[in-house]
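So you can see what is in the structure, the chains are spelled out below.
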Amino acid sequence: MTNEEKTKKELSERFGFSTEQIRVTRARRIFLEVPYAQFRQVFEHVVNGMEFRHLCTITGLDDGDTLAFIYHLAHADGAVLNLQTRVPKANPVLQTISDIFPGGLIYERELVDLLGARVEGLPEGNRYPLPEGWPAGQHPLLKDWKAEMLDGVYPKKEVKSNG
Amino acid sequence: MANVKIPIGPQHPALKEPESFTITLNGETIIAMDVRLGYNHRGIEKACEERTYIQAMYLVERVCGICSHSHSTCFIQAVEEIAGLAVPPRAQYIRTIISELERIHSHLLWLGVAGHEIGFDTLLMYAWRDREVVMDTLAALTGNRVNYGMNTIGGVRRDISREQLADLLKAMDILEERTKYYIEVASEEVTLIKRLSGVGFLSHEDAVNLGAIGPTGRASNVDTDVRRDDPYIAYKDLDFKVITDTHNDVYGRTLVRVGELMQCYSMIRQLVAKIPDGPITVKAPRKIPAGEAFSRYEAPRGEDTHYVKANGTEKPERVKIRAPTLANLQSVAKMMENNRLADVPIIIAAIDPCFSCTDRMIQVNDIGGGPREIISWQALHKQSLEWYRKQGLDFKALNEKLRGKLS
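About the criteria used
Numbers given for residues are sequential positions, taken from 1 along each chain in its written order. To label them, take the chains in the order written and letter them from A, then take the ligands in the order written and number them from 1. Reporting of local features is limited, given that this is a predicted model, to residues whose pLDDT is at least 70; pairs of side-chain atoms are given and counted only at 80 or more, and all residues count toward the totals for whole chains, interfaces and linings. Where each domain starts and ends comes from a domain assignment, either automatic or drawn from a database. For two strands to pair, DSSP has to find at least two bridges joining them. Per the convention used, a helix needs a DSSP run of H or I reaching at least four residues, while a strand needs a run of E reaching at least two, with both numbered from the N terminus. Axes, fitted as lines to C-alpha atoms, cover a helix only where it is in contact. Angles between the N-to-C directions of the axes lie from 0 to 180 degrees. Any residue pair is listed as a contact if its two C-beta atoms, each placed from the backbone, are within 7 Å. Gly is placed with the polar residues, together with every amino acid not listed as nonpolar (Ala, Val, Leu, Ile, Met, Phe, Trp, Tyr, Cys and Pro) or charged (Asp, Glu, Lys and Arg). The span one expects for a helix is its residue count, reduced by one, times 1.5 Å. Burial is judged by counting the other C-beta atoms within 10 Å of a residue's own C-beta: 20 or more makes it buried, 12 or fewer makes it exposed, and any count in between marks it as partly exposed, with every C-beta position built from the backbone. Per-residue confidence from the prediction method is given by pLDDT, with values spanning 0 to 100.

(A) Main features of the domain arrangement of chain B. Annotation of chain B at the domain level lists domain 1 (4-36), domain 2 (44-358) and domain 3 (377-406). Spacing between the C-alpha centres of domain 1 of chain B and domain 3 of chain B amounts to 38 Å.

(B) View of the sheet that holds strand E3 (residues 54-63) of chain A. Residue and element names in this part refer to chain A. Pairing is mixed in the open sheet, where five strands are placed in the order E1-E2-E5-E4-E3. Pairing within the sheet leaves two strands with one partner each, and these edge strands are strand E1 (22-26) and E3. Taken pair by pair, the neighbouring strands of this sheet meet at an average axis angle of 20°, ignoring direction. Direction of pairing for strand E4 (residues 66-74) relative to strand E5 (residues 80-88): antiparallel, over a ladder of nine bridges. Residue Ala68 lies in a different strand from E5, and its bridge partner there is Arg86.

(C) View of the interface of chain A and chain B. On the chain B side, the residues contacting the 30 residues of chain A number 32 residues. Elements with a minimum of two residues in the side of chain A that touches chain B: E1, E3, E4, E5 and helix H3 (105-115) of chain A. Broken down by element, the side of chain A that touches chain B gets its largest block of residues, six residues, from E3(A). For the side of chain A that touches chain B, the class distribution of residues is 17 nonpolar, nine polar and four charged.

(D) Geometry of helix H6 (residues 162-188) of chain B. Residue and element names in this part refer to chain B. For H6, which comprises 27 residues, the first-to-last C-alpha distance of 39 Å matches the rise-based estimate of 39 Å (1.5 Å per residue) to within 8%. Along H6, the positions that sit buried rather than exposed are Leu168, Met172, Leu175, Thr179, Tyr182 and Val185. Here the buried face of H6 lies against helix H4 (89-117), helix H5 (121-142), helix H7 (190-196) and helix H11 (250-274).

(E) Looking closely at the confidence of the model for chain B. All names here are of chain B. Looking at chain B, the pLDDT average stands at 91 and 95% of residues meet or exceed 70. Low pLDDT, under 50, characterises residues 361-367; the predicted model gives this stretch 13 contacts beyond four residues in sequence or across chains. Here the prediction assigns the complex a pTM of 0.88, and the interface score ipTM is 0.94.

Shown next as structure tokens:
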């Protein structure tokens, strides 16, 4: 049995996911979507119990009524588990995973700035990547955001250059 | 003595790119460091959603000036996977050759910068002179020193001739000989060893915890390399060693990079020996079927990742890019602890940061609106002299003096 099949089997046996839910798209690539209520439990097991110990990054997607988040977790054998979950766009709250992956902090800050996610448990610190003074409520990666929405709002004043 | 906070950047003579570090000092010793990024964010992910796949590929190639081939390959691998394209083996080999040449150019560039940051400018001059060999090779193969434009969805745009392959091998011989010299310098030159040892220490546990990747991680004995662990393009056909080191400091990061250079030369020789004949591209559809793919690539600075989601149209639904420096930055704060203020530039330089890669967002308004013309080299030269004259800088007298000396 290949490693992908083993991962698939363990996930379906432990959490009762159907084999259609767990998609192996090619060698070393596994995709799985889990409801948010179950996300933390699956995430912890995948990292600690199944040795997917490297968080490549977190992708955020504007998916209409929901925001989707994909946590790309890599195993030392080269396999990547793309663990997706979603929260309603009207109330996009999710819990931080920076307690498990301190390096994941910056990826979560990116979700906050670019998609307007609210990450609970995120320690205070510099925002990333938008500048200070960026108008509140504007999140460039939302599908309905247009650059024109900045007209007259940002930047607030012209800074005189000396060169 | 009370702690002092020193802001370094976003514009600072010691830094080559805009990034901001707030360093808390006790005397000369660094207690903590805080990073602020985003000054280079150009909106590339958002811009990709408004462009066709082929346009997005050229845009993505410009995420970074050094790892341009890394980003474009990483991106189209994902697109090709979604579209189910079987890229011809010869194209895979050509992509791999450019990929390793890019690593050689990047590592030699780094070696020079590292030399410069510790006041060893002879090393800078040597390394950058030798780097011209690989830059000329890249220019001969692709037409460009950076932003090679070799990739296209479904293959590569230019073939490599037998003569070019022969020249490539000659360049490898020159570079290998020079790199052997650098290995000698790195293992015997007392100034270099003393200056770099113990500086920017990152323990193996911290490196794993903070997700350090690429040469930064490997110098703390984190044995990962996408080329071996998750092989792509032609890497599965190659025999190579993943270089790791246990020094855990800037010295270790130097040894890893010069060691990797030697592996590059060996890999390119294997590629030249094994490159199959055949077509270099397959036809790619304009519309990519709905689907998603996650692509990884070992860029010179470490693992680069691209996630692409397609919606069945000719434009991507979402493109997510995570460049290696973003993953390594968390480790930099740790490396700074208990070092001296004077070590800041070399510690930052030692992860070989690329902030242009790391940041990708905001807007250029109306770039194509103005009048355009093609001007000759002479006219451009004249225009630049006039521009400087307007700023109050006139080099006429100096130029004449120099000309007099030369003749």
